[in-house]
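# Survey of secondary and tertiary structure
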Amino acid sequence: MKRTFVAVALLLVSLCAGAQIKWNQRYQEYFDQYKDVAIQQMLRYKIPASITLAQGVFESGAGQSELTRRGNNHFGIKCHGWTGRTTYHDDDARNECFRAYGTAYESFEDHSKFLTGSRRYSPLFLLKQTDYKGWARGLKECGYATNPQYAQKLIEIIQLYKLYQYDTATSYDHFYAERIQQGDVRYQIHEFNQNYYVIARRGDTFRTIADEVGISYRKLAQYNERDKRDVLEEGDIVFLKKKRTKAPKSYKDHLHYVKAGESMYSISQKYGIRLKSLYKLNHLSPYYQIRVGDALRLR
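## Digging into helix α7 (residues 150–160)
Judged by how many residues are buried, α7 sits mostly within the fold: eight of eleven residues are covered. Regarding α7, the residues found buried are Tyr 150, Ala 151, Lys 153, Leu 154, Ile 155, Glu 156, Ile 157 and Ile 158. Summarising the contacts, the buried residues of α7 are in contact with α2 (25–45), α3 (49–60) and α6 (132–141).

In structure tokens form, the structure reads like this:
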């Protein structure tokens, strides 16, 4: 009898552990892409950025759900008297009416107005901006979602990805928030070394990428220390702002050992460092020919 009880207990523990949120690269990319917009919304409407991001990633499947792809609806908000564009999707009932937007930014803005404009959610704004647990539980209690685990899922996401760090932000990257506001780009935008970058596709040039991200193609080439007429190779890293003079602090005691096929330029792009700075950090002449196995400092 005792053995049976222990076995059942272990099974329950296993099942509970399996139900927990696990780290997902798509989730992290979603947060990198929308964190500045979430902070912007927080500073305007007093909704914790962590809550906005957790709801957005959960409701939209990290931007991959059918509802999001068809109507840019990141928060699962139904019509409820909505007079704008609509789309229909099976949810609690078949073929329910959902709000549709022209861009993801419009969805984030409407989510903020939806919460601030409803008396139902007014008790949430009595909570501290850093009380993400209270907000998560309050959203469930106020009827935002029918999923009984909704609050716990939001809390798990916020804790796993440390989204609470954004709830004390007093500023955001205006450059990037404006890119989102002007409309979604077809490139997945990544963040590294206090910069943003995209991965070039086959046939890309600085001009084709510039047209998508809303930056002068001449500046884009300058940021990446290339000629504006260069044809990029598929997989090339293209930074959207001027590169830094050093790698992130986490690379303080890290050395990069040169591999076959690498160049000083490709290494500088990998770590988001200006080429001139990489030579300077390693006391090398710009004419030095690196060799496989060379150890390079990054800070």
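## Focus on the side chain of Gln 33
Tracing the chain through its elements places Gln 33 in helix α2. Given a relative accessible area of 10%, Gln 33 falls into the buried group. Apart from residues no more than four positions distant in its own chain, Gln 33 is found in contact with Tyr 176, Ile 180, Gln 188 and Ile 189.

## Thoughts on the state of the cysteines
Put plainly, a disulfide is one covalent bond tying together the sulfur atoms of two cysteines. Inspection of every chain in the model, using the stated rule, returns one disulfide. With a sulfur-sulfur separation of 1.9 Å, Cys 79 is cross-linked through a disulfide to Cys 97. Around the S-S axis, the bridge from Cys 79 to Cys 97 shows a dihedral of about -65° and counts as left-handed. With a gap of 18 residues between them, Cys 79 in the loop between α4 (66–71) and β1 (86–89) and Cys 97 in strand β2 (residues 96–99) connect regions that are remote in the sequence. Judged by its relative accessible area of 10%, Cys 79 is buried.

## A look at the confidence of the model for the protein
Within the protein, residue pLDDT values average 90, and 93% of them lie at 70 or more. Taken together, the stretch residues 1–18 has pLDDT below 50 and engages in zero contacts with residues farther than four places along the chain or on a different chain.

## So, the packing of α6 against α7
It is the contact of α6 with α7, at a shortest axis distance of 8 Å, that shows an interaxial angle of 155°. On the basis of their axis angle, the class for α6 and α7 is roughly antiparallel. The interaxial crossing formed by α6 with α7 has right-handed handedness. Residues Tyr 132, Lys 133, Ala 136, Arg 137, Leu 139 and Lys 140 of α6 pack against Tyr 150, Ala 151, Leu 154, Ile 155, Ile 158 and Gln 159 of α7.

## Some details on the sheet that holds strand β4 (residues 195–199)
Pairing in this open sheet of three strands is antiparallel, and the strands run β3-β4-β5 from one edge to the other. The open sheet has two edge strands, β3 (190–192) and β5 (237–239), and neither has a second partner. Strand-to-strand twist across the sheet, computed as the mean angle between neighbouring axes with direction ignored, equals 40°. In the sheet, β4 pairs with β5 via three bridges, with the strands oriented antiparallel.

## Side note on the pairing of β2
Regular strands show a simple pattern: their side chains alternate between the two faces of the sheet. Pairing of β1 with β2 involves four bridges; the strand directions are antiparallel. The partner of Thr 87 across the bridge, within β2, is Phe 98. Counting the residues that bridge the hairpin from β1 to β2 gives six residues, and of these Asn 95 lies at a positive phi of roughly 55°.

Conventions we followed
Residues numbered from 1 in each chain as written. Predicted model: local features only at pLDDT ≥ 70, side-chain atom pairs only at ≥ 80, totals over all residues. Heavy atoms only, no water. Buried < 20%, exposed > 50% of the residue type's maximum accessible area, 1.4 Å probe, protein only. Helix = DSSP H or I, 4+ residues; strand = E, 2+ residues; numbered from the N terminus. Contact = heavy atoms within 4.5 Å. Disulfide = S-S within 2.5 Å. pLDDT = per-residue confidence, 0-100. Axes fitted to C-alpha atoms, helices over the stretch in contact; angles between N-to-C directions. Parallel < 35°, antiparallel > 145°, perpendicular 65-115°, else oblique. Left-handed = near helix turned anticlockwise from the far one by under 90°. Pairing = 2+ DSSP bridges.

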